[in-house]
Amino acid sequence: QVQLVESGGGLVQPGGSLRLSCAASGSIFSFYRMGWYRQAPGKQRELVAVIFSGGNTNYGDSMKGRFTISRDNARNTVYLQMNSLEPEDTAVYYCNSFSALTGDYWGQGTQVTVSS
């Protein structure tokens with residue numbers, strides 16, 4: 001069983017920063033990929049950032065230069081540092097993991113609201 005628990009969401013002003021955490025538990029395997037996706041009301045879920053087992057990363061176009069994904073293997077935790085936040089970043093952010101053993105798993109999501 002894989003459990004993914006997100007934290008760090010909240011309300012922030014435009015131009016501000018947030019740091020999201022995704023703690024994984026219940027696994028004894030290495031994930032091929034972990035990452036963040038987001039979904040705003042009425043929109044499809046979209047890629048925010050992913051980090052692969054080898055350390056390579058991918059970002060959605062609007063996140064490049066503003067967001068940084070990182071991991072702490074000892075803590076089984078993935079982070080998303082979000083800077084220069086915009087109202088368009090308002091969404092529920094979901095942590096995701098994938099491996100050949102587990103397939104895709106999703107966290108419950110954490111709300112990020114960017115507003116004055």
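These lines cover the structure that appears in this document, whether it is placed above or below.

## Description of the pattern of salt bridges
Alright, step 1. In total, this model carries 6 salt bridges according to the counting rule given.
Alright, step 2. Close ionic contact of Asp61 with Lys64 constitutes a salt bridge, the shortest N to O distance being 3.5 Å. You'll find Asp61 and Lys64 in the same group, each marked exposed.
Alright, step 3. Put simply, Asp72 and Arg75 hold a salt bridge, and the shortest N to O gap is 3.7 Å.
Alright, step 4. Residue class for Arg75 comes out exposed when judged on its relative accessible area of 61%.

## Some details on the state of the cysteines
Alright, step 1. According to the stated counting rule, one finds 1 disulfide in the structure shown.
Alright, step 2. Residue Cys22 pairs covalently with Cys95 via a disulfide, S to S 1.9 Å. Since a negative S-S torsion denotes a left-handed disulfide, the Cys22-Cys95 link at about -85° is left-handed. Note that Cys22 is positioned in strand β3 (residues 18–25) and Cys95 in strand β9 (residues 91–99), a separation of 73 residues in sequence. In this structure, Cys22 and Cys95 share a single accessibility class: buried.

## Some thoughts on the nonpolar core
Alright, step 1. Ranked by internal contacts, the top residues of the largest apolar core, which has 26 residues, are Met34, Trp36, Val48, Phe67, Leu80, Met82 and Tyr93.
Alright, step 2. Within the residue set of this core, elements represented by two or more residues are β3, β4 (33–39), β5 (46–52), β7 (67–72), β8 (77–82), β9 and β11 (110–114).
Alright, step 3. It is β3 that contributes the most residues to this core, 4 residues altogether.
Alright, step 4. Setting aside residues up to four positions removed in sequence, Met82 forms contacts with Gly16, Ser17, Leu18, Leu20, Arg66, Phe67, Tyr93 and Val112.

## Focus on the packing of aromatic side chains
Alright, step 1. This structure, assessed with the given rule, holds 3 aromatic pairs.
Alright, step 2. Ring geometry for Tyr32 against Phe52: centres 5.6 Å apart, planes inclined by 70°, an arrangement best described as edge-to-face. A residue pair is termed long-range when its members are at least 10 positions apart, and Tyr32 in the loop between β3 and β4 and Phe52 in strand β5 qualify at 20 residues.
Alright, step 3. The partly exposed category is assigned to Tyr32, whose relative accessible area is 45%.
Alright, step 4. Note on Tyr32 and Phe98: the rings are 6.3 Å apart at their centroids and 80° apart in plane angle, and the pair reads as edge-to-face. Highlighted residues: Tyr32 in the loop between β3 and β4 and Phe98 in strand β9, separated in sequence by 66 residues.
Alright, step 5. For the cation-ring pair, Arg19 lies above Tyr79, with the distance from its terminal atom to the ring centre recorded as 4.1 Å.
Alright, step 6. A cation over a ring is seen here: Arg45 above Tyr94, with NZ or CZ 4.0 Å from the ring centre.

What counts, and at which threshold
Residues numbered from 1 in each chain as written. Predicted model: local features only at pLDDT ≥ 70, side-chain atom pairs only at ≥ 80, totals over all residues. Heavy atoms only, no water. Salt bridge = Lys/Arg side-chain N within 4 Å of Asp/Glu carboxyl O. Buried < 20%, exposed > 50% of the residue type's maximum accessible area, 1.4 Å probe, protein only. Disulfide = S-S within 2.5 Å. Helix = DSSP H or I, 4+ residues; strand = E, 2+ residues; numbered from the N terminus. Core = buried A, V, L, I, M, F, W, Y, C linked by side-chain atoms within 4.5 Å. Contact = heavy atoms within 4.5 Å. Phe/Tyr/Trp six-rings, centres within 6.5 Å; stacked < 30°, edge-to-face > 60°. Lys NZ or Arg CZ within 6 Å of the ring centre and 35° of its normal.

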